[in-house]
Amino acid sequence: MHTAEHILNQTMVRVFGIERAFSSHLERKKSKCDYIFDRSLTHDEEKNIERQVNEQLKRHLPVEEHWLSKEVAEKNYNLKKLPEEAEDEIRIVTIGDYDVCPCIGAHVKNTSEVGEFVFVSTSYEAGVLRIRFKLNRPEVLN
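If you're wondering where the values come from, they're calculated on a predicted model, not measured in any experiment. (Residues numbered from 1 in each chain as written. Predicted model: local features only at pLDDT ≥ 70, side-chain atom pairs only at ≥ 80, totals over all residues. Heavy atoms only, no water.)

Chemist: Please explain the sheet that holds strand β4 (residues 89-95) as it appears in this structure.
Modeler: By definition, the strands of a sheet pair up through backbone hydrogen bonds, in either a parallel or an antiparallel sense. Spatial ordering of the open sheet is given by β3-β4-β5, a layout of three strands whose pairing is antiparallel. Two strands bound the open sheet, and with one partner strand each, they are β3 (63-69) and β5 (99-102). Within the sheet, the average angular offset between the axes of one strand and its neighbour, ignoring direction, is 25°. Alignment of β3 against β4, held across seven bridges, turns out to be antiparallel. Note that in β4 the partner of Glu-64 across the bridge is Thr-94. Together, β3, β4 and β5 form the strand contacts of helix α1 (residues 2-16), whose direction differs from that of β4 by roughly 75°. (Pairing = 2+ DSSP bridges. Helix = DSSP H or I, 4+ residues; strand = E, 2+ residues; numbered from the N terminus. Axes fitted to C-alpha atoms, helices over the stretch in contact; angles between N-to-C directions. Contact = heavy atoms within 4.5 Å.)

As structure tokens, this is what we get:
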């Protein structure tokens, strides 16, 4: 779920020129991300975002991490979502050539492990666009 959130966030940044979600709640069955936005999404926009997220997931992008000093990270990345007590070394997660940002969450090794991204619903209220989504996970072979 967390890797899918990264891809969704970067897609929203690229399509609408907005910031990453200011709030998210990730669960196994269904998750949500909240964005500062000025309206509801149209049906076509929802389908476009869903399509673009899935295109990136199907690219089998490697998910890698590296560490930067807090001083260097502050110059290159938005650290607002990191806890104040974050260490002097900041973990940066890179998803292929598509997304890079500071992160403390758990990730897969490759986007091919994520499955299919599916919109569950969207809503808009008081300047907040909420996107609810789930993943249709690939079958695990024994």
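There is more to say, and it comes next.
Chemist: In this structure, what is going on with the nonpolar core? I would like to understand it.
Modeler: Soluble globular proteins tend to pack their nonpolar side chains together in the buried interior. Ranked by size, the top nonpolar core spans 27 residues in total, and within it Leu-8, Met-12, Tyr-35, Phe-117, Ile-131 and Phe-133 carry the most contacts. Every element with two or more residues in this core is listed here: α1, β2 (31-36), α2 (43-57), β4, β6 (116-125) and β7 (128-136). Ranked by size, the runner-up nonpolar core spans six residues in total, among them Leu-68, Leu-79, Ile-90 and Ile-92. (Core = buried A, V, L, I, M, F, W, Y, C linked by side-chain atoms within 4.5 Å. Buried < 20%, exposed > 50% of the residue type's maximum accessible area, 1.4 Å probe, protein only.)

Chemist: Looking at this model, I keep getting lost on the packing of aromatic side chains. Mind explaining?
Modeler: What describes a pair of aromatic rings is the distance from one ring centre to the other and the angle between the planes of the rings. The final tally for this structure, using the stated rule, is three aromatic pairs. Ring geometry for Phe-117 and Phe-119: centres 5.7 Å apart, planes at 75°, overall edge-to-face. For Phe-117, a relative accessible area of 0% gives the class buried. Residue classification places Phe-119 among the buried positions, given a relative accessible area of 13%. (Phe/Tyr/Trp six-rings, centres within 6.5 Å; stacked < 30°, edge-to-face > 60°.)

Chemist: What am I meant to see in the pattern of salt bridges here?
Modeler: Close approach of charged atoms lets side chains of opposite charge pair. One pass over the structure, following the stated rule, counts ten salt bridges. Between Arg-39 and Glu-45 there is a salt bridge whose closest N-O contact spans 2.8 Å. Its relative accessible area of 31% is what places Arg-39 among the partly exposed residues. Taking the shortest distance from any N to any O, the salt bridge between Glu-55 and Arg-51 comes out at 2.6 Å. One end of the pair, Glu-55, and the other, Arg-51, are both in helix α2, four residues apart, so they sit about a helical turn from each other. A relative accessible area of 38% places Glu-55 in the partly exposed class. Relative accessible area serves as the criterion here: at 41%, Arg-51 is assigned to the partly exposed category. Bridged by salt links that share partners, the residues Lys-32, Asp-34 and Arg-130 form one connected network. (Salt bridge = Lys/Arg side-chain N within 4 Å of Asp/Glu carboxyl O.)

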